[in-house]
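# Notes for the structure review
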Amino acid sequence: MTKNFQIYRSSAGAGKTYMLSVNFIKLSLYGYFNGDIKYYQKILAITFTNKAAAEMKDRIIFYLRCLSFEEDKDNILFNITKDTSYQNQKVFDAAKNIYSHIIHNYNKLSISTIDKFTTHLVRSFSKDLGLSYNFDLELDNSKIMQPVIALMLSEISAKGDNLSELLVGFVMSKVDEGKSSDIEVDLNEFSSELFKEGVYDYFNKNKLNLKNYIDVKNNFSNKFKELEHEIKQLSHKVRHYFSLNNLTKDHFTRGTFYDLFIKKLGSDNYEKWIPSKTLQKNIENGVWYSKNAHQIIKNQVNLCVKELNSFYQQLIVLLREFFSYKEILKNIYQLSVLLELHKRKEKYKKENNIEQLFDFNKKINEIISSESSAFIYERIGERYQHYLIDEFQDTSTMQWQNLLPLLVDSLDYGKSYIVGDGKQSIYRWRGGEAEQFLQLPLIFKSQNLVLKSEWEAKLNHHYRANILDFNYRSREEIVNFNNLFFEKTKHLLDEDLQDMYKNHNQKVVRKGGGFVHVELFDGDKQQYKEEILKKIVGIIKDLTKEKKSLHKDFTILCNTAKRVSLVANYLLENNIPVVSSEGLLLSSS
């Protein structure tokens, strides 16, 4: 029996785009051989970036063009004919006609981003959504948030009203985290939280106003100060105990227990109050002094162990509560700022007749999740019989559920393909969730879907899982390292997520070569940076000398733009040529 809901699970370099391109062409040929040269127009391929959409279009056009000239590139002919009865010459002739038809009707080739498809849906449902048909669609969230934030900051009062108190608290919470105190920059960065799917439901349910948040904050702030005072009092108590019992820094292993109560608890940096992991382990194992300590010191400490341990346990209890309140206070400021930004954003959009793509996913979801596919197709004016979804792990819950009524309906007519790498969705790019991909053909977070049972039954009926297990991109050493790494580390995940790594082993295509080196660094922040920079230069010089690698073969990934600049400058100082986005700025000239 034909299974029309085809899932392909893969890892990096497995040829996902190639597989989708092959299947797009196979479906187009199927339609052509059944008398419909325009059949490619009944296929919708969805990717997540304009670049990826352009790449897929280019690849499909390229392969069709090659076939039309009776050329077989990248084994495309074999992969088209191996599961069909098509003869080579028939494929060449059909590809030539399909290629020509696409070139003359290029706008009918439906390969787009999911955002573009959502926009098309929105225009079709503008009346149902209560939108004026001439609304302005703003894709860049910052163009809405910048004027909203600027207006909010202009309303800060020297008299210290609720808004002013809230924003001052927000800034101080950022400073405590060691981040910038530039409130406008911080608010613009923080406002990105408004455009995550979970936030939509939070604002709908949350009826608290700004004053409510301030009152809650004051209550928690008072408790926070009480705990801080108790910790300081404990520090004084222990200091007095040390003095009475003639205990000094030399009585303890590296003096860490002594320093914790005498020095660190007196610091304004709360992070220093936390006992080091080494100290925690020593106390847990009853290690208070050095093995080489004089017997007099050992006897003196042994007499005090019970009290010392009691002081430590009291501190741990207080610290747990203290840092819990600290985290709550930070989140209260952030939640209240988020609430205020949300209210002002909605007001600004209404006044300027602006809509956002982010909001549409939820609004459309409320309509089409309970409507028949016939109703939706009638509105959008097109009927697709095949859906090809790339990078499914990046599909958010709402985006997937907005596509479901259309895709489920299409399974009665032909195949649809979903390709993804569940391992990547743990980063939750664009709201993607690992569980959504793992649980297919079940529908993740589907409790509010009216047609849940019907849709799941059809998905399950047509479901077939496939594995793309070759790596066409990386050399043998890298593939083998990844296989071993995933096998060893998957057990660190929750049990319900370990299935992401089921059948994760990739087969090597590019035999031989490759290089993997993992090294962990320790020490203080500055020393850590210097050691890493020296190591980077050392590895590059070794590989260019011994392996004859070229400088253009190296890419260095950093987690901040500041770190990119640091690494680039260090490489240049060591006569290693560098190209980076930072280096192209005039300010770097």
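Just so it is clear, the model here is predicted, and its values are computed rather than measured.

Below, the discussion takes up the confidence of the model for the chain. For the chain, per-residue confidence averages 83 on the pLDDT scale, and residues scoring 70 or more make up 86% of the total. Confidence, read as mean pLDDT per element, is least for helix 9 (residues 197-205) in the chain (59) and greatest for helix 4 (residues 88-104) (95).

So, on to the pattern of salt bridges. For the structure shown, the criterion picks out 14 salt bridges. Salt-bridge contacts for Asp421 lead to Lys423; the nearest nitrogen and oxygen are separated by 3.0 Å. We note that Asp421, like Lys423, is buried. The partner of Lys507 in a salt bridge is Asp469, with the nearest N and O atoms 3.2 Å apart. With Lys507 in strand 10 (residues 507-510) and Asp469 in the loop between strand 8 (463-468) and strand 9 (470-475), this residue pair connects regions lying 38 residues apart in the sequence. For Lys507, a relative accessible area of 43% translates into the label partly exposed. Put simply, Lys345, Glu346 and Lys349 are held in one network by salt bridges that share partners.

Here we come to the layout of surface pockets. In this structure, the largest pocket encloses a volume near 1500 Å³. Together, 35 residues line the largest pocket, and Phe515, His517, Phe554, Thr555 and Ile556 are the ones closest to its centre. Mapped by element, the contributors of at least two residues to the lining of the largest pocket are strand 9, helix 20 (476-489), helix 21 (525-546) and helix 22 (561-573). For the lining of the largest pocket, the element with the highest residue contribution is helix 21, accounting for nine residues. Along the lines of polarity and charge, the residues of the lining of the largest pocket split into 19 nonpolar, seven polar and nine charged.

Taken together, six strands build an open sheet; the order of strands is 3-2-6-7-1-8 and the sheet is parallel. The open sheet terminates on both sides in strands that have one partner only, identified here as strand 3 (111-113) and strand 8. Averaged over all neighbouring strand pairs, the angle between strand axes comes to 20°, with direction disregarded. Across the sheet, helix 5 (residues 114-124) lies against strand 2 (43-47) and strand 3, angled at about 90° from strand 3, the strand it touches most. In the packing of helix 19 (residues 452-462) onto the sheet, the strands contacted are strand 1 (5-10) and strand 8, and the crossing angle to strand 8 comes to about 55°.

The tally for this structure, following the rule as stated, stands at 28 aromatic pairs. Look at Tyr18 and Tyr63: their rings are 5.9 Å apart centre to centre, the planes differ by 90°, and that puts the pair in the edge-to-face class. Here Tyr63 lies in helix 2 (residues 50-68) and Tyr18 lies in helix 1 (residues 16-33), a separation of 45 residues in the sequence. Each member of the pair, Tyr18 as well as Tyr63, is classed as buried. Pairing Phe392 with Phe437 gives two aromatic rings, centres 5.5 Å apart and planes at 50°, and the pair type is tilted.

The rules behind each value
- Residues numbered from 1 in each chain as written.
- Predicted model: local features only at pLDDT ≥ 70, side-chain atom pairs only at ≥ 80, totals over all residues.
- Heavy atoms only, no water.
- pLDDT = per-residue confidence, 0-100.
- Helix = DSSP H or I, 4+ residues; strand = E, 2+ residues; numbered from the N terminus.
- Salt bridge = Lys/Arg side-chain N within 4 Å of Asp/Glu carboxyl O.
- Buried < 20%, exposed > 50% of the residue type's maximum accessible area, 1.4 Å probe, protein only.
- 1 Å grid on protein atoms, 1.4 Å probe; cavity = no way out; pocket = protein on both sides within 12 Å on 5 of 7 lines; lining within 4 Å.
- Points joined across faces, edges and corners; volume = space filled by probe spheres on them.
- Nonpolar A, V, L, I, M, F, W, Y, C, P; charged D, E, K, R; others polar.
- Pairing = 2+ DSSP bridges.
- Axes fitted to C-alpha atoms, helices over the stretch in contact; angles between N-to-C directions.
- Contact = heavy atoms within 4.5 Å.
- Phe/Tyr/Trp six-rings, centres within 6.5 Å; stacked < 30°, edge-to-face > 60°.

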